[in-house]
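# Chain and residue survey
Residue strings, one per chain:
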Amino acid sequence: MSFNLEFEFNSKEAKQWSKLGPRAMYGQFMLKMAEECESLMVLSADLGRSSGLDRFKAKYPDKYLSVGISEQNLIGIASGLAREGHKVFISSFAPFLSMRSSEQIRMNLGYMELPVNIVALGSGVSMAFLGNSHFGLEDLAVMRAIPNINISSPADCGELGKVLNDYCYNSRGPSYIRLTGVPGSPIVYENDYNYKFGIPYEINKGKNILILATGSIVGQTKIALEKLQEFGVNPSLYNIHTLRNKCEYILNLIKKYKIIITVEEHSIIGGLASIVSEVIAQNNFRGKLFPIALPNSFGPTGEYRYLLDHHGLTGDKIFTAIKEIL
Amino acid sequence: MSFDCGQPSHIGGALSIVDILAVLYGGISNFDITGRKNRFILSKGHGVLGLFSVLHHVGKISKEKISTFQKNGSEFIAHPIANHALGIESSNGSLGQGLSYGIGIALSYLKRKNEGQVFVLMGDGECYEGSVWEASITATETKLENMTVIIDCNGYQNDGAIGDKMNARDISKKWRGFGWHVIECDGHDHQRLYLALNHKHKNKPTAIIAKTTKGKGIKFMEDNNDWHHNRLTEKLFDEAMNEL
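This text gives an overview of the structure that appears in the document.

What follows is about the overall build of chain B. Along chain B, the regular secondary structure elements total ten helices and seven strands. Principal-axis analysis of the C-alpha atoms places the extent of chain B at approximately 50 × 40 × 30 Å. The buried share of chain B, reckoned over its 244 residues, is 50%. Intrachain contacts of chain B at a sequence separation of at least 6 include 74% that bridge at least 24 residues.

Our focus in this paragraph is unusual backbone geometry. Residue and element names in this part refer to chain B. Not every positive phi belongs to a glycine, and asparagine 203 is a case in point at roughly 65°. Checked against the element boundaries, asparagine 203 lands in the loop between helix 9 (190-198) and strand 7 (206-211). For aspartate 223, which is not glycine, the phi torsion reads 55° and is therefore positive. Considering the arrangement of structural elements, one finds aspartate 223 in the loop between strand 7 and helix 10 (234-243). For aspartate 223, a count of 14 C-beta atoms within 10 Å puts it in the partly exposed group.

The next point concerns the packing of helix 8 (residues 217-230) of chain A against helix 12 (residues 315-325) of chain A. Residues and elements named next belong to chain A. Orientation of helix 8 relative to helix 12, taken along the N-to-C sense of each, is 55°, at an axis distance of 7 Å. One element, helix 8, and the other, helix 12, form an angle in the oblique class. Between helix 8 and helix 12 the crossing geometry is right-handed. Where helix 8 abuts helix 12, its residues Gln220, Thr221, Ile223, Ala224, Lys227 and Leu228 lie against Gly315, Ile318, Phe319 and Ile322. Classifying every residue of the contact of helix 8 with helix 12 gives six nonpolar, three polar and one charged.

As a further point, take helix 4 (residues 48-57) of chain B. All names here are of chain B. Helix 4 sits mainly inside the fold: seven of its ten residues count as buried. Listed in full, the buried residues belonging to helix 4 are Val48, Leu49, Gly50, Leu51, Phe52, Val54 and Leu55. Phi for glycine 59, located one or two positions after helix 4, is positive at around 85°.

Moving on to the interface of chain A and chain B. Residue-level contacts link 21 residues of chain A with 20 residues of chain B. Residue assignment for the side of chain A that touches chain B shows that the elements contributing at least two residues are helix 3 (71-83) and helix 5 (102-111) of chain A. Here the side of chain A that touches chain B is built from residues that sort into seven nonpolar, ten polar and four charged.

It is worth spelling out the nonpolar core at this point. Core analysis: the largest hydrophobic core is formed by 165 residues, its most contacted members being Leu43 and Ala78 of chain A together with Ile151 and Ile209 of chain B. Ranked by residues supplied to this core, first place goes to helix 1 (residues 11-36) of chain A with eight residues. No fewer than three residues from each of domain 1 (11-178) and domain 2 (201-325) of chain A sit in this core. What leucine 43 of chain A contacts, discounting residues up to four positions off in sequence, is Leu65, Val67, Leu74, Ile77, Ala78, Val88 and Ile90 of chain A.

Consider a sheet: its strands pair through backbone hydrogen bonds, and that pairing is either parallel or antiparallel. Residues and elements named next belong to chain B. Strand order in this open sheet of five strands is 1-2-3-7-6, and the pairing throughout is parallel. Across the chains shown, the open sheet's two edge strands, defined by having one partner strand only, are strand 1 (39-42) and strand 6 (181-186). Here the strands of the sheet are splayed against their neighbours by 20° on average, with no regard to which way each runs. Bridge count for strand 6 against strand 7 is six bridges, and the pairing is parallel. Its bridge partner lying in strand 7, histidine 181 is registered against threonine 206. Sheet contacts for helix 6 (residues 98-111): strand 1, strand 2 (118-123) and strand 3 (147-153); angle to strand 2, the most-contacted strand, approximately 170°.

Reading the values: rules and limits
- Residues numbered from 1 in each chain as written.
- Chains lettered and ligands numbered in written order.
- Predicted model: local features only at pLDDT ≥ 70, side-chain atom pairs only at ≥ 80, totals over all residues.
- Helix = DSSP H or I, 4+ residues; strand = E, 2+ residues; numbered from the N terminus.
- Buried ≥ 20, exposed ≤ 12 C-beta atoms within 10 Å, placed from the backbone.
- Contact = placed C-beta atoms within 7 Å.
- Axes fitted to C-alpha atoms, helices over the stretch in contact; angles between N-to-C directions.
- Parallel < 35°, antiparallel > 145°, perpendicular 65-115°, else oblique.
- Left-handed = near helix turned anticlockwise from the far one by under 90°.
- Nonpolar A, V, L, I, M, F, W, Y, C, P; charged D, E, K, R; others polar.
- Core = buried A, V, L, I, M, F, W, Y, C linked by C-beta atoms within 7 Å.
- Domains from an automatic or database assignment.
- Pairing = 2+ DSSP bridges.

If you want it as structure tokens, here you go:
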């Protein structure tokens, strides 16, 4: 791994990173980035350890600040630093950032367009036994409604590295980077690949059926795809790693298909299913959408694997659901 | 501006901060929005009429520009919209957000060894916002001696007098309790303001608790909260101008 304009990795690293999981890898990537990025500032609101930042804090005390348990304050301070030209990355759990401090995000990142990068930890249901207070069920819905904010939802740890690197070395403006998955979540990219900000990544070019997935659930969807192929069906599968206010790329993708399936670890309201529904309705497409998502309710808590199974988001369950659609 | 636009505007809370702004821009000055100099953030965004007037007097905003105040499509409205060329540092209007933002700038100054002080002006009513106190803790924990907060204690908020635990004396106690160096002063006394605004305390941020009069300078507006947000008739406008 090396950071710079090009971020590359090998298959050994991909395996190792997957075992560590996205939160630990965020900390590792920041550690590496600090070597090359003079103006970097990494902030947390008392969740430095949960962000894998212990080593970062010890090695780069001048580039690190914990503001205590004060997420609204965190956004303001990060914005002031960004105004002065620092590259700023901040992290906390998804609902605390996207909802408790959503108005600070609206004013500073949305209205003033200050280029702060928000890393939302443990989104979806990956916080397991910590429960609904810590789940990121509605964060995409909230963030997507605020103008000027890029949203990234990396599929695995390799892609997380690509996304962080891309925001560090390009002037993309403010961003919300949504981390889902846990240590051991399936690897989507076993080898280095060509990541392009905003452009969906084609995992499989199939026929008639289009599957769009986002976040770590892309890995589960890839398992479902393999099962579908064994079953004799060959749908197209794309990784929607970037979710923006304007989704022209989705428009280009879906117009060729009559059956569109979205898969996401987010409420059925306001996330990928909503984005695609809006594109279909507003463009008078005839494609029919079958969303696979979390329900608009507070569900049970338990191990991550149990929750994915409960919500029909494991490879097996996604395969079964798609088979039934067909 | 307020009369010209024919609309109600925040007059009372703008008049209470005019002396503070006059001393900041006239006496402390050296404001340069490009950085490495003093910075000013109007956290109580609804006091923006005061800021526009002062920025006009120091030659930052032309008469043509401010004459569009609260007219359709204007960027000079009831709350500041960031415009660095004109000396408006940040967009405000939602209270309790300016201090955290200012802390970010002040921290950057310390890291880069930039001279200059960051001034954040807030209202007494604004101090009800919890985010103010979140920020106040960071400012002391980071020993932000290049940060000066000015609290405009005019004694009123939107719906009337502020609560009895938020008078100037109690607000002083709160800031002192949060570890700030506190200076109490008459917010209309230019000499006292000048000394307070020039003060820098080693290893501590400074809070100036400025006792002010809402609607200062216009008799019928002074301490009359009807002028928090109100429209001037021609008769009242003439009366006010005669007094000034």
